[in-house]
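The primary structure of each chain is shown beneath.
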Amino acid sequence: MSTDYILQLDNISKYFGTVVSLKNVTLKLRRGEVHCLLGDNGAGKSTLIKTLAGVHGPSEGRYLVEGEEVHFKSPREALDRGIATVYQDLALVPLMSVARNFFAGREPSRKLFGVIPIMDIHHAAEVAEAKLAEMGIHVRSPYQPVGTMSGGERQCLAIARAIHFGAKVLILDEPTAALGVKQSCNVLKLIHTARARGISVIFITHNVHHAYPVADSFTLLNRGQSMGSFAKSEVSKEAVLDMMAGGTEIQSLVDELEGRVAA
């Protein structure tokens, strides 16, 4: 396997008893590339995300990181290899501040009375505000509760946190779902920023209109199987939409309906 790819899935299958969730899926992610994983509901995207993130081990096939086969037993092991996953629920605590959420689990500390270790909240606030600003995210205050932020701002915070703490591969689970146009644009800009920093991104979505402008390549899933992987130069947005919509099956249905109307 070539080390040109930072992450590879080679004929991965995942079974839950007699249920086949993934079957012979192959995915290759280059360094500094945005790879969009497209599929409708029930296509197997969630299972694939959890396999990449170390939640599930594959039943068959090989998972390679930087050319080395891996067998993650937990998401922590995947994170230690630089594979960070930002789920739709974001794993943010609404009542905690931006700074506390940014450093959750990695809190900088200082000694109270020279003895008792406590979180250095002021240092955390300064760093969080500065690092977010570097990525084009300007918060009103690093002390504000995350619950007061918009959905798009929270999504950007979760992505920025993963980038700051050394993600080599960023897996984004439907990051623009339920966001407005402006908020979605901000998230897509942040994906551009990640790529410019040399971070590889797997962008999971069912929205081709969001995926196509930022993607370098695509993999389409349908009922747990890959319909193929394509470089952006090889496929148009219309062709991707056609494959996701069912292609000739949809066209046949349209022709049939038009025939009924004409009759």
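Residues numbered from 1 in each chain as written. Predicted model: local features only at pLDDT ≥ 70, side-chain atom pairs only at ≥ 80, totals over all residues. Heavy atoms only, no water.

Description of the overall build of the chain
- In terms of regular secondary structure, the chain is built from nine helices and 12 strands.
- Each of the three principal axes of the chain carries a C-alpha extent, and together these read 85 × 45 × 35 Å.
- The buried share among the 263 residues of the chain stands at 43%.
- For the chain, the share of sequence-separated contacts (at least 6 apart) that also reach a separation of at least 24 residues comes to 64%.
- For the chain, the exposed surface amounts to about 13,200 Å²; the carbon and sulfur share of it is 52%. (Helix = DSSP H or I, 4+ residues; strand = E, 2+ residues; numbered from the N terminus. Buried < 20%, exposed > 50% of the residue type's maximum accessible area, 1.4 Å probe, protein only. Contact = heavy atoms within 4.5 Å. Areas by Shrake-Rupley, 256 points an atom, 1.4 Å probe, with all protein chains shown as cover.)

Quick look at the pairing of strand 1 (residues 5–16)
- Across the 12 residues of strand 1, nine count as buried, placing the element largely inside the fold.
- Across eight bridges, the pairing between strand 1 and strand 2 (residues 19–30) is antiparallel. In the strand pairing of strand 2, Lys14 is matched with Leu22.
- Connecting the antiparallel pair strand 1 and strand 2 is a turn made up of two residues, with Gly17 showing a positive phi of about 65°.
- Sheet topology places strand 1 next to strand 4 (residues 60–65); five bridges connect them, and they run antiparallel. Bridged to Asp10 within strand 4 is Arg62. (Pairing = 2+ DSSP bridges.)

Points about the sheet that holds strand 11 (residues 217–222)
- Read across the open sheet, the six strands follow the order 6-9-10-3-11-12; overall the sheet is mixed. Each edge of the sheet is formed by a strand with only one pairing partner; in this case those strands are strand 6 (83–86) and strand 12 (225–231). When the angles between neighbouring strand axes are averaged without regard to direction, this sheet yields 15°.
- Pairing of strand 3 (residues 34–38) with strand 11, which is carried by four bridges, proceeds in the parallel orientation. Bridge pairing in strand 11 links Cys36 to Phe218. (Axes fitted to C-alpha atoms, helices over the stretch in contact; angles between N-to-C directions.)

Things to note about the confidence of the model for the chain
- For the chain, mean pLDDT is 86; residues scoring 70 or higher make up 92% of the total.
- Below pLDDT 50 for its whole length, residues 247–251 participates in two contacts with residues either more than four positions away or in separate chains. (pLDDT = per-residue confidence, 0-100.)

Let's talk about the sheet that holds strand 4
- Strands sit in the order 2-1-4-5 across an open sheet of four strands; the sheet is antiparallel. In this open sheet, the two strands that pair with only one neighbour each are strand 2 and strand 5 (68–69).
- Pairing between strand 4 and strand 5: two bridges, direction antiparallel. When the bridges of strand 5 are listed, Val65 appears paired with Glu68.

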